[in-house]
Amino acid sequence: MLSRWAMGLLCCVGLMGPAQASEILGTTLLEGRKVEILADGTWVYAEALPDDCQTVTSNIMLCAEKGRWTSLPAANADIAAQFRFDDSTYGLLILEELGHGQGVTFEAISVSVLEIAAFAAGVRREDIPVIDVQDTALFGEDAQTITYAAVIDGLPITYRNTILIAEEVTIQAVTYAVSRDLTQVHTELHDEFLQGLLRRE
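The shown structure was predicted, so the numbers you read here are calculated from the model rather than taken from an experiment.

**As for the layout of surface pockets**
To find the voids left in a structure, one rolls a probe of water-molecule size over its atoms.
Line of reasoning, step 1. By volume, the largest pocket is sized at about 610 Å³.
Line of reasoning, step 2. Forming the boundary of the largest pocket are 22 residues, of which Ile79, Leu92, Ile94, Ile116 and Tyr159 lie nearest the centre.
Line of reasoning, step 3. Elements with a contribution of two residues or more to the lining of the largest pocket: strand 8 (89-96), helix 2 (106-121), strand 10 (141-152), strand 11 (155-165) and strand 12 (170-178).
Line of reasoning, step 4. Top element by residues in the lining of the largest pocket is helix 2. It accounts for six residues.
Line of reasoning, step 5. Grouping the amino acids of the lining of the largest pocket by side-chain chemistry returns 15 nonpolar, five polar and two charged.

Shown next, in the form of structure tokens:
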């Protein structure tokens, strides 16, 4: 739905005089997507969203084969977006407006996610097994992935958490699966999830 500001702008554009209908008078954001305001009082999206992409935030989308990652309501306010692959595998994005500029480090985020898992499992952080830590990339930038496991409410869960820390933002792309161990299928689905995430500048 257009905001009142955008509707007002569209109305005013119609009063601006005889310009060509296809002439672009300006641009604005509508629900996180760039739109072009045309001289005839109409608007169009500046760039078409591919059919197989879902908007996650104003500048992040998940592109995957239709039906592979289904969008879900976020479980809590800390989660920017949540997706379901199947009954045992899920993905989510966490965005925090803190980054290198505020002293955020991979080590600090790693300790934090392990503490959260430990709290949910009712154990000490030291009791959460870290399966793997590796360098990787997200949005073409250096990132790190930590893989760990926990038993929460009797359910074994394995997490793969890719962490990108930029100057002013930290992005966590997480997949988790009901499993006692990291499986090849989970590894491949995590890679697919990361590859499907695109960022618009």
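**With respect to the side chain of Gln82**
Line of reasoning, step 1. Take Gln82: it is sitting in strand 7 (residues 81-86).
Line of reasoning, step 2. At 3.0 Å, the side chain of Gln82 and the backbone nitrogen of Ala75 are in polar contact.
Line of reasoning, step 3. At a separation of 3.2 Å, a polar atom in the side chain of Gln82 contacts the side chain of Tyr176.
Line of reasoning, step 4. Those residues in contact with Gln82 that lie beyond four places of it in its chain are Thr70, Ser71, Leu72, Pro73, Ala74, Ala75, Gly91, Leu92 and Tyr176.

**Digging into the sheet that holds strand 4 (residues 53-55)**
Line of reasoning, step 1. One open sheet holds the three strands; their spatial order is 4-5-13, and the pairing between them is antiparallel. Each edge of the open sheet is held by one strand with a lone partner, namely strand 4 and strand 13 (197-199). Taken pair by pair, the neighbouring strands of this sheet meet at an average axis angle of 30 degrees, ignoring direction.
Line of reasoning, step 2. Bridge count between strand 5 (residues 60-63) and strand 13: three bridges; the pairing is antiparallel. Note on strand 13: the bridge partner recorded for Met61 is Leu198.

Rules behind the numbers
- Residues numbered from 1 in each chain as written.
- Predicted model: local features only at pLDDT ≥ 70, side-chain atom pairs only at ≥ 80, totals over all residues.
- Heavy atoms only, no water.
- 1 Å grid on protein atoms, 1.4 Å probe; cavity = no way out; pocket = protein on both sides within 12 Å on 5 of 7 lines; lining within 4 Å.
- Points joined across faces, edges and corners; volume = space filled by probe spheres on them.
- Helix = DSSP H or I, 4+ residues; strand = E, 2+ residues; numbered from the N terminus.
- Nonpolar A, V, L, I, M, F, W, Y, C, P; charged D, E, K, R; others polar.
- Polar contact = N/O pair within 3.5 Å; in protein donor to acceptor, adjacent residues only side chain to side chain.
- Contact = heavy atoms within 4.5 Å.
- Pairing = 2+ DSSP bridges.
- Axes fitted to C-alpha atoms, helices over the stretch in contact; angles between N-to-C directions.

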